[in-house]
Amino acid sequence: AQRVTQPEKLLSVFKGAPVELKCNYSYSGSPELFWYVQYSRQRLQLLLRHISRESIKGFTADLNKGETSFHLKKPFAQEEDSAMYYCALTGLEGKVIFGPGTSLSVIP
Amino acid sequence: DVKVTQSSRYLVKRTGEKVFLECVQDMDHENMFWYRQDPGLGLRLIYFSYDVKMKEKGDIPEGYSVSREKKERFSLILESASTNQTSMYLCASSYPGTGGAGKNIQYFGAGTRLSVL
């Protein structure tokens, strides 16, 4: 079955602590992986994508094809990182599958 | 700057009503999508369209239909609204393809919160 899983519904970390949001996927083929973020009262927006291999707002994510994972990491969490994070994949046929989301809360 | 506009932020409808949710994008994107967003379930794809008059079912198409008569506009129709269709509905658009800058990135509207009573 094609799906994206995010095992943590809620994740709380202290400001300055490292944060890792987990994402695993199941897909036959080579999908494109994304992280989207939704801050309070804002629309859902792209955070980063695996093909870009860049760091956005201090976040990075490495695609591990062997483990079919695309975990999102940041070495030092900030209060403004508190948001809902969604992992997603796009297949060759254009269909998009989102995970259930992880709500990150950064405690001051 | 890409703009995806959903016609209503909030809608309240009665069971059995026919409901139209409208979405317009201004970036000449080929792909358009309708999702519903529910707590704990994330975003679930209802329908998507990769061209005018073309549509594909997503994961939860039952009870919904779509229309795409013009490239910039993608409408979601609830033929006979039911209480279990109370949800946040998100529209998105993207430029198709892989590997290139800007391709496959989804741009979202602000959402329509629909309540069916």
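Scroll up a little and you will see the structure.
This structure is a prediction, so every number in the text was calculated from the model and none was measured. Residue numbering note: each chain is counted from 1, following its sequence as written. Throughout, the order in which chains and ligands are written sets their labels, letters from A for the former and numbers from 1 for the latter. This being a predicted model, a pLDDT of at least 70 is required before a residue's local features are given, and a value of 80 or more before pairs of side-chain atoms are given or counted; all residues contribute to the totals for chains, interfaces and linings. Where side-chain values are given, they derive from all heavy atoms of the structure, hydrogens and water being excluded.

Caption draft 1: Inspection of the overall build of chain B at higher detail. The secondary structure content of chain B amounts to 0 helices and 11 strands. Reading the secondary structure of chain B in the N-to-C direction produces β-β-β-β-β-β-β-β-β-β-β. Since a compact globule built from 117 residues should have a radius of gyration of about 13 Å, the 14 Å found for chain B is in line with a globular shape. Burial statistics for chain B: of 117 residues in total, 48% are counted as buried. Total accessible area on chain B stands at roughly 5,600 Å², and carbon and sulfur atoms take up 50% of it. His is not counted, nor are the chain ends, whereas Lys and Arg count as positive and Asp and Glu as negative. Just so you know, the charge point we use is NZ for Lys, CZ for Arg, CG for Asp and CD for Glu. Side chains of chain B give 16 positive and 14 negative charges; the mean places of these two sets differ by 4 Å. Strands are runs of DSSP state E lasting at least two residues, helices are runs of H or I lasting at least four, and both sets are numbered from the N terminus onward. Values of the radius of gyration come from C-alpha atoms, whereas the globule rule sets the reference at 2.2 Å times the count of residues to the power 0.38. Residue exposure (1.4 Å probe, protein chains only): buried if accessible area is under 20% of the type maximum, exposed if over 50%, otherwise partly exposed. For accessible areas, the Shrake-Rupley method is used with a probe of radius 1.4 Å. Any residue's cover is judged against the shown protein chains and nothing else.

Caption draft 2: Spatial organisation of the interface of chain A and chain B. With 19 residues of chain A at the interface, the matching set in chain B holds 25 residues. Surface buried jointly by chain A and chain B totals about 1,700 Å² across both partners, of which 56% is contributed by carbon and sulfur atoms. Computed with a 1.4 Å rolling probe, the buried area is the accessible surface lost when two parts are put together, summed over both parts. The three residues of chain A that bury the most area against chain B are Arg43(A), Lys95(A) and Phe98(A), which together make up 28% of that side's buried surface. When a carboxyl oxygen of Asp or Glu lies within 4 Å of a side-chain nitrogen of Lys or Arg, that pair is called a salt bridge. One can count 0 salt bridges joining chain A with chain B. Whenever two N or O atoms come within 3.5 Å, that pair is a polar contact, provided that in protein one can donate a hydrogen and the other can accept it, and provided that, for residues adjacent in sequence, both atoms are side-chain atoms. Across the chain A-chain B interface, the total number found is 6 residue pairs in polar contact (both at pLDDT 80 or more). Of all the secondary-structure elements, those providing two or more residues to the side of chain A that touches chain B are strand S5 (32-38), strand S6 (45-49), strand S9 (83-90) and strand S10 (96-98) of chain A. Among the elements that make up the side of chain A that touches chain B, the one with the highest residue count is S5(A) (4 residues). Any residue outside Ala, Val, Leu, Ile, Met, Phe, Trp, Tyr, Cys, Pro, Asp, Glu, Lys and Arg is labelled polar, Gly included; the first ten of those are nonpolar and the last four are charged. Tallied by class, the residues present in the side of chain A that touches chain B amount to 10 nonpolar, 4 polar and 5 charged. In what follows, a contact means two residues having at least one pair of non-hydrogen atoms within 4.5 Å.

Caption draft 3: Up close: the packing of aromatic side chains. The criterion for an aromatic pair is that two Phe, Tyr or Trp rings (for Trp, the six-membered ring) have centres within 6.5 Å, with stacked assigned to planes under 30 degrees apart, edge-to-face to planes over 60 apart and tilted to the rest. Taken as a whole and judged by the stated rule, the model has 11 aromatic pairs over all chains. Consider the rings of Phe98(A) and Tyr35(B), whose centres lie 5.3 Å apart with planes at 85°: the pair is edge-to-face. Highlighted residues: Phe98(A) in strand S10 and Tyr35(B) in strand S4 (residues 31-38), drawn from two different chains. What makes Phe98(A) buried here is its relative accessible area of 7%.

Caption draft 4: Main features of the nonpolar core. Residues and elements named next belong to chain A. For our purposes a nonpolar core is just a set of buried Ala, Val, Leu, Ile, Met, Phe, Trp, Tyr and Cys residues, chained together by side-chain atoms within 4.5 Å. Grouped together as the largest cluster of nonpolar side chains are 26 residues, with contacts concentrated most on Trp35, Leu72 and Tyr85. In terms of residue count, the dominant contributor to this core is S9 (4 residues). Contact partners of Tyr85, with chain neighbours within four places excluded, come to Gln6, Leu21, Trp35, Tyr36, Val37, Leu47, Phe59, Leu72, Gly101, Thr102 and Leu104.

Caption draft 5: Layout of the pattern of salt bridges. Under the definition given, this model contains 12 salt bridges over all chains. One salt bridge in this structure joins Glu20(A) and Lys22(A), with 3.3 Å as the shortest N-O distance. When its relative accessible area of 29% is taken as the criterion, Glu20(A) is described as partly exposed. With its nearest N and O atoms 2.9 Å apart, the salt bridge here joins Asp38(B) to Arg44(B). Put simply, Glu20(A), Lys22(A) and Lys73(A) are held in one network by salt bridges that share partners.

Caption draft 6: How the structure looks around the side chain of Arg36(B). All names here are of chain B. By the element assignment, Arg36 lies in strand S4. On the basis of relative accessibility, which here comes to 8%, the residue Arg36 falls in the buried class. Separated by 3.1 Å, the side chains of Arg36 and Tyr64 make a polar contact. If we ignore the near neighbours within four places in the chain, the residues touching Arg36 are Gly42, Leu43, Arg44, Ile46, Ile60, Tyr64, Asn84, Gln85, Thr86, Ser87, Met88 and Tyr89.

Caption draft 7: Here's a closer look at the sheet that holds strand S1 (residues 4-6) of chain B. Residues and elements named next belong to chain B. Across the sheet, 4 strands lie side by side as S1-S3-S8-S7; this open sheet has antiparallel pairing. Lying at the two open borders of the sheet, with one neighbouring strand each, are S1 and strand S7 (64-70). Pairs of neighbouring strands in the sheet enclose a mean axial angle of 20°, with direction left out of account. Here a strand pair is declared whenever DSSP counts at least two bridges between the two strands. Pairing analysis gives 6 bridges linking strand S3 (residues 19-25) to strand S8 (residues 73-78), with the strands arranged antiparallel. Looking at the pairing, Cys23 lines up with Phe74 of S8. Lines are fitted to the C-alpha atoms to define the axes, a helix being fitted only along its stretch in contact, and any angle between axes, read from their N-to-C directions, falls within 0 to 180 degrees.

Caption draft 8: Layout of the state of the cysteines. All names here are of chain A. For this text, the term disulfide refers to a pair of cysteine sulfurs within 2.5 Å. Applying the stated criterion across every chain yields a total of 2 disulfides over all chains. Two residues share a disulfide in this structure: Cys23 and Cys87, whose sulfurs sit 2.0 Å from each other. Disulfide Cys23-Cys87: torsion about the S-S bond near -65°, hence left-handed. Here Cys87 lies in strand S9 and Cys23 lies in the loop between strand S3 (19-21) and strand S4 (24-26), a separation of 64 residues in the sequence. There is no split in this pair, since Cys23 and Cys87 are both buried.

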